[in-house]
Amino acid sequence: ALEPLSVSLAIGVASVLTTYLSYPRFYCSYVECCPSAGHRFNATALKVQLDTKLFGQHLAKDVVLKAVMGFSNNPSPKKPLTLSLHGWAGTGKNFLSQILAEHVHPAGLRSKFVHLFLATLHFPHHDQLKLYKEQLQNWIRGNVSACPYSVFIFDEMDKMHPGLIDAIKPFLDYYEHIDRVSYRKAIFIFLSNAGGDLINKAALDFWTSGKRREEIQLKDLEPMLSVGVFNNKNSGLWHSSLIDRNLIDYFVPFLPLEHKHVKMCVRAEMTARGHAVDEKVVQAVADEMTFFPKEQKIYSDKGCKTVQAKLDIHEDV
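These figures come from a predicted structure and were not determined experimentally.

(A) Spatial organisation of the state of the cysteines. This structure, assessed with the given rule, holds three disulfides. Disulfide partner of Cys265: Cys304, at an S-S distance of 2.0 Å. With the S-S bond torsion at 85 degrees, the cross-link from Cys265 to Cys304 turns out right-handed. Here the residue Cys265 occupies a position in helix H12 (residues 259–272), and Cys304 occupies one in the loop between strand S7 (299–300) and helix H14 (307–313), the gap between them amounting to 39 residues.

If you want it as structure tokens, here you go:
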């Protein structure tokens, strides 16, 4: 038989241990938890990352930083934050969305509260559009119910079946609750190559007129970009109610990258690999990239997308 003192001691230890393990700070140091109410971005850390890792995108950095800080500091936003990032491949759209996700949930794309959708992977068949809409709504509803600060990233929007993205319209609208669930703390990010030609032309026009790319402002591109994407059948937002109802907060343009920006990407990649920066290698990699227009050769036609692969060739140098 157990002594009364032993039983009491065991119960006491178990009680203390249960209380300790259930303490949120302890529990969340081992298991990923949804941020608590009143969660705020670290503006300084986000700005530092954008300044040191995202090259040639003064507009995107400024717009996104102000947008997420304003959203984070608002205790009662009227709708989720919705950003649509546009530009050619390799200009930094994916990179920025990953940085942003990491500032909401430190695990970034590995977080159970960050959800990445690829149009060609998750929604490949046009004849299953109705099923995809139902699945998408159920996924968003379930995950926001579990964590109001969920982040949803839709990549390859230009390959999205027309009309599919409109399935999420109720979640982006100005509703306080839908079936007792609030979506106002969530973040939705769309990534698309659509509109890249319009952005490139505007950047080239600035260059031709002798203006610095840093003089390009959001007002110079956003109206044209939203209309262009709305009327583009290959944008994923063709005649979308998200645009028609003004539910996308910002259309964020990513400018084409110049020679100097490609070199910045090469240096950053060398540093990330633990290599000393060798300017001869930097120049060699940049020289292997292709640029447009054909005569002036100002902008990289692949941005920094192939920098890693091209640097592999020079790793033995």
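(B) Focus on the nonpolar core. Residues Ile140, Phe154, Ile165, Ile168, Phe188 and Phe190 are the most contacted members of the largest nonpolar core, which totals 70 residues. If one sorts the elements of this core by residue count, helix H4 (residues 58–73) sits on top with nine residues. Each of two domains, domain 1 (43–254) and domain 2 (257–314), supplies a minimum of three residues to this core. Contact partners of Phe188, with chain neighbours within four places excluded, come to Pro80, Leu81, Thr82, Leu83, Ile140, Phe152, Phe154, Ile168, Phe171 and Leu172. Listed in part, the 15 residues of the second largest apolar core include Val281, Val282, Phe291 and Val307.

(C) Expanded view of the domain arrangement of the chain. In terms of domains, the chain is made up of domain 1 (43–254) and domain 2 (257–314). Distance between the C-alpha centres of domain 1 and domain 2: 27 Å. The interface of domain 1 with domain 2 comprises 12 residues on the first partner and 16 residues on the second. Taking both partners together, domain 1 and domain 2 bury about 1200 Å²; carbon and sulfur atoms supply 71% of that area. A per-residue breakdown of the area domain 1 buries against domain 2 is headed by Phe55, Trp207 and Arg213, which together make up 45% of the total. Remark: the boundary between domain 1 and domain 2 carries one salt bridge. One salt bridge connects Arg213 with Glu258, and the closest N-O pair in it is separated by 3.2 Å. Taken together, the connections running from domain 1 to domain 2 amount to three residue pairs in polar contact (both at pLDDT 80 or more).

(D) Examining the packing of aromatic side chains more closely. One pass over the full model with this rule turns up eight aromatic pairs. Residues Phe171 and Tyr183 carry aromatic rings whose centres are separated by 4.6 Å and whose planes lie at 40 degrees to one another, so their mutual orientation is tilted. One end of the pair, Phe171, is in helix H8 (residues 169–172); the other, Tyr183, is in the loop between H8 and strand S4 (187–192), with 12 residues separating them in the sequence. Residue Tyr183 is classed as buried on the basis of its relative accessible area, which comes to 3%. Put simply, the rings of Phe117, Phe123, Tyr132, Phe154 and Phe190 pair up and form one aromatic cluster. Note that Lys211 overlies the ring of Phe206, its terminal NZ or CZ placed 5.0 Å from the centroid.

The rules we used
- Residues numbered from 1 in each chain as written.
- Predicted model: local features only at pLDDT ≥ 70, side-chain atom pairs only at ≥ 80, totals over all residues.
- Heavy atoms only, no water.
- Disulfide = S-S within 2.5 Å.
- Helix = DSSP H or I, 4+ residues; strand = E, 2+ residues; numbered from the N terminus.
- Core = buried A, V, L, I, M, F, W, Y, C linked by side-chain atoms within 4.5 Å.
- Buried < 20%, exposed > 50% of the residue type's maximum accessible area, 1.4 Å probe, protein only.
- Domains from an automatic or database assignment.
- Contact = heavy atoms within 4.5 Å.
- Buried area = accessible area lost by both parts, 1.4 Å probe.
- Salt bridge = Lys/Arg side-chain N within 4 Å of Asp/Glu carboxyl O.
- Polar contact = N/O pair within 3.5 Å; in protein donor to acceptor, adjacent residues only side chain to side chain.
- Phe/Tyr/Trp six-rings, centres within 6.5 Å; stacked < 30°, edge-to-face > 60°.
- Lys NZ or Arg CZ within 6 Å of the ring centre and 35° of its normal.

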